[in-house]
Amino acid sequence: MNAPTLIPRNSGKGCDRPVLQERGQREVFCGLTGIVWLHRKIQDAFFLVVGSRTCAHLIQSAAGVMIFAEPRFATAIIEERDLAGRADLHDELDAVVGRLLERRPDIKLLFLVGSCPSEVIKLDLGRAASRLDSKLRERVRVLAYSGSGIETTFTQGEDACLAALVPELPVATAAAPRLLVAGTLADVVEDRFKALFEAMGVSVAFFPPRRSGELPAVGPDTRFLLAQPFLTDTARALEERGAIHISAPFPFGEEGTTGWLRAAAQLFGVSLSTFESVTASARGRARTGIARHRAALEGKRIFFFPDSQLEVPLARFLSRELGMIPVEVGTPYLHRRHLAEDLNLLSDDVLVSEGQNVERQLDRCREAKPDLVVCGLGLANPLEAEGMATKWSIELVFSPVHGYEHAGDLAELFARPLGRRDRLRV
Ligand code: SF4
């Protein structure tokens, strides 16, 4: 394997594509939702939300009730007397954490997760976490991040969590893998990417890891691929540690996955013939999986409301590999540099909008009469009642959809609501 060479930062048309900027009423979930997939990934971590009963209900209903396992998330509820300033919240929090750790010796990493109520009363969870961390360091690491829904969207919870974890990453030595993949992936997807990279002779580490004791090392020699497009703060924190982002499309579908793998392979000097031979059979399986759903999706018009921040790469996948026609691709935040490769592959006549004014966007959607609308749960039922087929964007984050082996599953997630609507019409 040759020494890595830097590929110039993307400066194609994606970086200056016109985008409709929207500001106004928004319909999105909050960042607490990220706990659902983060607690499954980091298996010795615990997420203690400091919030209200609403926060407890949200996280419980999103994650479901675990019958056979001890849960690894909970809510420390801020009561009225706390809001009225009649209790010392730091003392109460210390007592809750003490009881939790006594009961759960398996916890090695504890996140104090802020919420709207804790932000409104200006509870300094960062200070609480560093105080608890210095007291308990031998037993458990304690970190804090915010999952509040004030001015954020639901995938930012993962970004905030991982950004809080970056300062804990050890300093890379010469023996550390130089390629890092940042972003939570289902274990099965991670294993497949690892096998592909290793077959090309590239050793790779993943962040977040499955256990808190396996944090990957990072340093100026680290080159990182993002597995998710919503990791703005995490990427910035990695760059502050000297790591360099590898510009690539996101690994959705056969084309996106190939572009993502190839960007790293080129950087690490993997020959084209090695790349082709390692990826050929998986690419073939991806194309077959996608082809199964092409008839159902080809020519269908799709409208994205801003929610998951996956909208741009998904629109690229659906238009280029399944022949769908994106009418509007709304996204809560558009990181032009991270999304440049996907934007470059999206047809110029697709309207990309950033932010939300939900009333104006609903008007555009009704006028466009798309075949399928991708949106949050709050908009899905009213739009279904108006006769539109919808896809919940949150499902796209909960399901394994990255890489070659899941390309067909990803296509199916969009084909299913159209099939259901056709059956209902019969
Ligand atoms: S963090 Fe805010 S938006 Fe999320 S459940 Fe709690 S109160 Fe609601």
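### Things to note about the overall build of the protein chain
Part 1: Within the protein chain, the secondary structure is distributed over 18 helices and 14 strands.
Part 2: Radius of gyration (C-alpha) of the protein chain: 22 Å, near the 22 Å computed for a compact globule of 426 residues.
Part 3: When its C-alpha atoms are laid out on the principal axes, the protein chain stretches across 60 × 55 × 45 Å.
Part 4: Taking all 426 residues of the protein chain together, the buried fraction comes to 49%.

### Structural notes on the pairing of strand β6 (residues 179–182)
Part 1: Along β6, one buried face is formed by Leu179 and Val181 and the opposite face, lined by Leu180 and Ala182, is buried too.
Part 2: Pairing of β6 with strand β7 (residues 204–207), which is carried by 4 bridges, proceeds in the parallel orientation. Considered in β7, the bridge of Val181 is made with Phe206.
Part 3: Traced from β6 through helix α8 (residues 187–199) to β7, the parallel crossover comes out right-handed.
Part 4: In this sheet, strand β8 (residues 223–226) lies alongside β6 in parallel orientation, the contact comprising 4 bridges. Its bridge partner lying in β8, Val181 is registered against Leu225.

### A short note on the packing of helix α10 (residues 253–267) against helix α13 (residues 311–322)
Part 1: At a minimum axis distance of 8 Å, the contact between α10 and α13 shows a crossing angle of 120°. The angle between the axes of α10 and α13 places the two elements in the oblique class. Between α10 and α13, the contacting residues are Gly253, Glu254, Glu255 and Gly256 on the first element and Pro313, Arg316, Phe317, Arg320 and Glu321 on the second.
Part 2: Per-class residue counts for the contact of α10 with α13 are 2 nonpolar, 2 polar and 5 charged.

### Notes on the pairing of strand β4 (residues 109–114)
Part 1: Buried residues dominate β4, accounting for 6 of its 6 residues.
Part 2: Residue alternation in β4 divides its side chains into two sets, Leu109, Phe111 and Val113 and Leu110, Leu112 and Gly114, and both sets are buried.
Part 3: Across 5 bridges, the pairing between strand β2 (residues 45–51) and β4 is parallel. Bridge pairing links Val49 to Val113 in β4.
Part 4: Where β4 lies against strand β5 (residues 141–146), 6 bridges are found, and the strand directions are parallel. From the neighbouring strand, Phe111 faces β5, where its bridge partner is Leu143.

### With respect to the sheet that holds strand β12 (residues 351–355)
Part 1: One open sheet holds the 6 strands; their spatial order is β1-β12-β11-β10-β13-β14, and the pairing between them is parallel. Two strands in the sheet have a free side with no partner beyond their single neighbour: β1 (20–22) and β14 (389–392). When the angles between neighbouring strand axes are averaged without regard to direction, this sheet yields 20°.
Part 2: Pairing between strand β13 (residues 372–375) and β14: 4 bridges, direction parallel. In the strand pairing of β14, Leu372 is matched with Ala389.
Part 3: Helix-sheet contacts for helix α15 (residues 358–368) involve β1, β10 (301–304), β11 (325–331) and β13, and the interaxial angle to β11 is about 170°.
Part 4: Sheet strands in contact with helix α16 (residues 377–385) are β13 and β14, and its direction is about 165° off that of β14.

### Comments concerning the site of the ligand
Part 1: Close to the ligand lie Cys30, Leu32, Gly51, Ser52, Thr54, Cys55, Leu58, Ser115, Cys116, Gly147, Ser148 and Gly149, which account for all nearby residues.
Part 2: Among the elements that line the shell around the ligand, the one with the most residues is helix α2 (residues 53–63), at 3 residues.
Part 3: A class-by-class count of the residues in the shell around the ligand yields 5 nonpolar, 7 polar and no charged.

### Here we look at the nonpolar core
Part 1: Within the largest apolar cluster, 129 residues are counted, with the highest numbers of intra-cluster contacts made by Phe111 and Leu112.
Part 2: In this structure, Leu112 is in contact with Leu48, Val50, Leu125, Ala128, Ala129, Val142 and Ala144, ignoring residues within four places of it in sequence.

Rules behind the numbers
- Residues numbered from 1 in each chain as written.
- Predicted model: local features only at pLDDT ≥ 70, side-chain atom pairs only at ≥ 80, totals over all residues.
- Helix = DSSP H or I, 4+ residues; strand = E, 2+ residues; numbered from the N terminus.
- Rg over C-alpha atoms; globule rule 2.2 N^0.38 Å.
- Buried ≥ 20, exposed ≤ 12 C-beta atoms within 10 Å, placed from the backbone.
- Pairing = 2+ DSSP bridges.
- Right-handed = clockwise from strand over helix to strand, strands pointing away.
- Axes fitted to C-alpha atoms, helices over the stretch in contact; angles between N-to-C directions.
- Parallel < 35°, antiparallel > 145°, perpendicular 65-115°, else oblique.
- Contact = placed C-beta atoms within 7 Å.
- Nonpolar A, V, L, I, M, F, W, Y, C, P; charged D, E, K, R; others polar.
- Near = placed C-beta within 6 Å.
- Core = buried A, V, L, I, M, F, W, Y, C linked by C-beta atoms within 7 Å.

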